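# Descriptive structure summary
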Amino acid sequence: MALSIADFLKASSTESGLETLDTKTAGLEVSGLTQQQRKTSQTPYLSLTWTKRGKKHVVTEETLREQLSVHGSVVQIIMGTGSRKTAIVEFSTAESAAAAKEALDGVPVASIGGKAFHMEFAVLRKTYEAEAAFNRVPNFDSTRMDADPSSFVPGLLVYRDFITEAEETLLLEELDKGDWRRTIRARQVQHFGYEFNYKTQNVRKCDPSTPLENMAPFCRSLINKMPPTFDGTPDQMTANEYLPGQGIASHIDTHSAFTGSIATLSLGHGSVMDFRHPDGRVESLLLAPRSLYIMNGASRYQWTHCVQPRSFDVIDGCKVPRARRVSITFRKLQATPCTCAFPDQCDSRIFAPVDDTEAPMCPTETEKLYVHAFYEKVAEHFSSTRHSPWPRIEEFVRALPEGTLLADIGKGCGNGKYMKCMPPSVSTCIGGDRSESLVKICKTHDLNVMVLDALVVPLRAGAFDVAISIAVLHHLSTLSHRLQAVKEVLRVLRVGGQGVIYAWAQEQTEDSRRTFDATSQDCMVPWNLDRRYVKDDDEAASKAPIVVQRYCHMFKEVSLGELDTLVRLCGNATITESYYDENNWAVIFTKTH
């Protein structure tokens, strides 16, 4: 049942903030408290260990109950299994547990051969995890709902109760009669007018003359009701269903694909949406049922927005479980290049030819510190995670005709996983990587590799039938370097030879494991280094997580495609195919002269 804003907030006030766990169903699996918590917190649970002195005296559940029940009622005792000298004790009250701890902690007990108990307060693991999860969620202050949202997210407009409860019920019924499709994870979607592509954040290539009249009547009714603050008349609608635990990845709707307004109508249950500015500021908004939200200006073009995937929100300090929410997003297709005032986030920027005659073809400091040094440090761990080639590249390499001469160049032959795909009939395959450590790993597999740099490849010009550069280009920190690397791929190819380049896409799918700032094309991507591969003694001795940063330039799909544009700027290649694969933009091209 849909909730009004008042009912939604009222429901939150009845929540205690933490769920009460039944010990019978939760069991007595406990989590130890931190040292500070042990000093200040008391619970009905004690975790006991004891010394091995007096081996002939065996500590049993009966002897424990005899010693502990003097200080209060003991509900249950769980003895450690095997040789572990441990037990978990549940008292009827925290005061009884505290009294037992005060009297017996560290005190030798004559009746059990002088053994001493070491006692600590503990909590049910499920309770501890629920409390930790609650504390991780930022609190939303409901008084912010009375403020003008554009005062903290410029250009954001809110229309409360845009539709009535009866209209909301009818809309949900109409949608549930429709064709819900599971296209991203377990989420269900429906598209109207044009189909939205979640991989590219764009509409799929379809007939631009698609008539709006083909939309369902309820779609036309909503479009006709759209406020004049929406830029134009929407011609693309997407309905998304969000169940508890599901969310929206942080993103900005593609500039070049749609006009200056994006609107969302929220149905069913409310959720908190976060808006993030490029400078790191975060503002939150409650997507209340039946309300319409229109993003114009900076809120549309500059601020990312997301709904964190979790099962509850925290409102006014209380836990509010999520329920089913359905959103309808309204967009209008853009027919011309975007002319917004936010070029740093705009994918319509046109790449002009670069005069790089004076540009030094040597690594920048960023590339030295956050690419070269990065791969030297994580080489072994990196290689251990790169055992499966991407299927489309593997298929391409395995299909090469007999006698093909192939170069796997750049900083990127890595651990040689694509060189290993070469069929035995291929006459020669030469690989190169900027990392000496990764080259050594390749050589342990008897691969023909060398240390080289993508900017100056030590291979003969015009000698190769095929050249591939996989996941390399995004590690180059300047446009002139990226263009030079593409030129080097073309230089080693014979006329008529084929090149294949893959580079990381800024438009990642929701199941991508890559973590980076989606508001910028140039960013650092963290790598959690497995301690088994740590060589630095100081780092190995530390218990803190070891995170190593690497630089990446995320490629965008602009009017011609950013990766395509680099190939075209070289002036001696024809693109035969460009596509999106494994969260990368990819291009296949042929050298013409």
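Residues numbered from 1 in each chain as written. Predicted model: local features only at pLDDT ≥ 70, side-chain atom pairs only at ≥ 80, totals over all residues. Heavy atoms only, no water.

As named in an unreviewed UniProt entry, the chain is tRNA (carboxymethyluridine(34)-5-O)-methyltransferase, taken from Achlya hypogyna. If you open the UniProt record of the chain and go to Sequence similarities (unreviewed entry), you find "Belongs to the alkB family." (UniProt positions renumbered as here; feature names shortened; annotations may be inferred.)

Take the packing of helix α10 (residues 365–385) against helix α12 (residues 436–443) next. Running from N to C, α10 and α12 point in directions that differ by 35°, and their axes come no closer than 7 Å. Residues Tyr375, Glu376, Ala379, Glu380, Phe382 and Ser383 of α10 form the contact with α12, whose own contacting residues are Glu436, Ser437, Leu438 and Ile441. The residue inventory of the contact of α10 with α12, partitioned by class, reads five nonpolar, two polar and three charged. (Axes fitted to C-alpha atoms, helices over the stretch in contact; angles between N-to-C directions. Helix = DSSP H or I, 4+ residues; strand = E, 2+ residues; numbered from the N terminus. Contact = heavy atoms within 4.5 Å. Nonpolar A, V, L, I, M, F, W, Y, C, P; charged D, E, K, R; others polar.)

All right, on to helix α11 (residues 391–398) then. All buried positions along α11 are accounted for by Ile393, Phe396 and Val397. Here the buried residues of α11 occupy an arc of 95° about the axis, which is enough to place them on one side. Within α11, the exposed residues directed more than 90 degrees away from the buried face are Pro391 and Glu395. Taken together, the buried residues of α11 touch β26 (464–470) and β27 (493–504). (Buried < 20%, exposed > 50% of the residue type's maximum accessible area, 1.4 Å probe, protein only. Arc of directions from axis to C-beta.)

Next up on the list: the pairing of strand β21 (residues 318–321). For a regular strand, side-chain orientation follows a simple rule: the groups alternate between the two sheet faces. Both strand β20 (residues 312–315) and β21 contribute to a ladder of four bridges, which runs antiparallel. Across the sheet, the residue bridging to Phe312 is Pro321, located in β21. Connecting the antiparallel pair β20 and β21 is a turn made up of two residues, with Asp316 showing a positive phi of about 55°. (Pairing = 2+ DSSP bridges.)

Next up on the list: α12. Taken together, the buried positions of α12 are occupied by Ser437, Leu438, Val439, Ile441 and Cys442. Of the surrounding secondary structure, the elements contacted by the buried residues of α12 are α10, β24 (428–433) and β25 (449–451).

On to unusual backbone geometry, then. Excluding glycine, a negative phi dihedral is what most residues carry, and trans is how most peptide bonds are arranged. Non-glycine residue Asp316 carries a positive phi angle of around 55°. Mapped onto the elements, Asp316 comes out in the loop between β20 and β21. Taking relative accessible area as the criterion, Asp316 reaches 39% and is therefore assigned partly exposed. Unusually for a residue other than glycine, Glu582 sits at a positive phi of about 55°.

Let us look at the nonpolar core. Counting 33 residues, the largest nonpolar core has Leu459, Leu473, Val486 and Phe589 as its most contacted members. Those elements giving two or more residues to this core turn out to be β26, α13 (479–492), β27, α15 (562–570), β30 (573–581) and β31 (584–591). A total of six residues in this core trace back to one element, the largest contributor, which is α13. When neighbours within four sequence positions are excluded, Val486 is seen to be in contact with Leu473, Ile501, Leu566, Val567 and Cys570. (Core = buried A, V, L, I, M, F, W, Y, C linked by side-chain atoms within 4.5 Å.)

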